[in-house]
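Below, each chain spelled out in residue letters.
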Amino acid sequence: MFWVLLLLLAWAATAISCTRLCLAAVHAATLDADAPRGHDLTLYEAAFLSGGPARVADLTLVSMARQHRLLLAHTGWATVVDPRGRDDMERSVIGAIGPEGQSRIAPVRATTAGADSVRRLADHLVAAGLAVPDGARTTVAEAVRQVRAAAAAVLALAATALLLPGQSPGSEVPVAVWFTLPLILTVSCLAIARIEVHPYTRWASPAGQRLLGTLARHSDASGDDRTYLTSVAVRGIRAIGEPEVRAALTHRDHGTGHGAWRQGAGWTPGG
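Below, the structure is looked at part by part.

## Here we look at helix α5 (residues 116–127)
The first and last C-alpha atoms of α5 sit 16 Å apart over 12 residues, in line with the 16 Å expected at 1.5 Å per residue. Of the surrounding secondary structure, the elements contacted by the buried residues of α5 are α2 (43–66), α3 (88–97) and α4 (105–113). Of the residues flanking the end of α5, it is G129, one or two places downstream, whose phi is positive at about 80 degrees.

In structure tokens, the structure reads:
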């Protein structure tokens, strides 16, 4: 009857993994349900939800360049024309450039992405349920991986039970049937998770993704300056129409900016 111990192990792995997946899915659904439905995204919010801190820095640089308050050279240098920032993001850019009024764009982007103004923006979006908290997306993913591992463990335990000599259940029910039940449960949980659990991007929650979609549809109706900046916020550098500005922003160190923000774990520019 050693197979009974293997069956108990299979059920334990199944119960623990499926319970964890259900709790993670419920938590994710709760965050989505609590998110505001009629929130109007600002350009900075749209940029963060689309591309994170680095996208916010890019949007600020492009916006200031279009207003001729900042010069972006195709060689990758930024020069301050108007030292008076109109909001916290612009003041972060000017502060990152430094007192000499000129700096390479790559370190400006990295410093701006790690500024307190971007941290406050991130905290606001997370509190509103529009941005993904640190670990929320990975929690569901890890739970799914654990259920997959449990399914594999059930198969391995079942094979072990079948290969052991003299392991008869003492009834007409074959040993394999008993292991089929936990296997069906794990596979069912994986199938339901694939259908019901919302996909998360790196930055935007499902509610944030819906607002981004609405913003994109509304911005297509006009061709003003805000529409242009909205396109940059959502699509990034590839949406920039000026070749020199695009060339200026592509002169950056690889890997800067995107690792600058980790919710709840501080800032690690250039990580």
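From this point, the narrative continues.
## Some thoughts on α3
Across the 10 residues that make up α3, a large majority, 7, are buried. Among all positions in α3, only M89, E90, S92, V93, I94, A96 and I97 are buried. Considering only its buried residues, α3 is in contact with α2, β1 (70–72), β2 (77–80), β3 (102–104), α4 and α5. You can read the cap of α3 off the contacts: a side-chain oxygen lies 3.0 Å from the backbone nitrogen of M89, and it is on D87. Downstream of α3 by a residue or two, G98 has a phi angle that is positive, lying close to 100 degrees.

## Concerning unusual backbone geometry
The phi angle at H68 is positive, at roughly 60 degrees, despite the residue not being glycine. Along the chain, the position of H68 falls in the loop between α2 and β1.

## Digging into the side chain of T14
By the secondary structure assignment, T14 is in helix α1 (residues 2–34). If we ignore the near neighbours within four places in the chain, the residues touching T14 are A150, V154, P182, L185 and T186.

Here is what the cut-offs are and how they apply
Residues numbered from 1 in each chain as written. Predicted model: local features only at pLDDT ≥ 70, side-chain atom pairs only at ≥ 80, totals over all residues. Heavy atoms only, no water. Helix = DSSP H or I, 4+ residues; strand = E, 2+ residues; numbered from the N terminus. Expected span 1.5 Å × (residues − 1). Contact = heavy atoms within 4.5 Å. Buried < 20%, exposed > 50% of the residue type's maximum accessible area, 1.4 Å probe, protein only. Polar contact = N/O pair within 3.5 Å; in protein donor to acceptor, adjacent residues only side chain to side chain.

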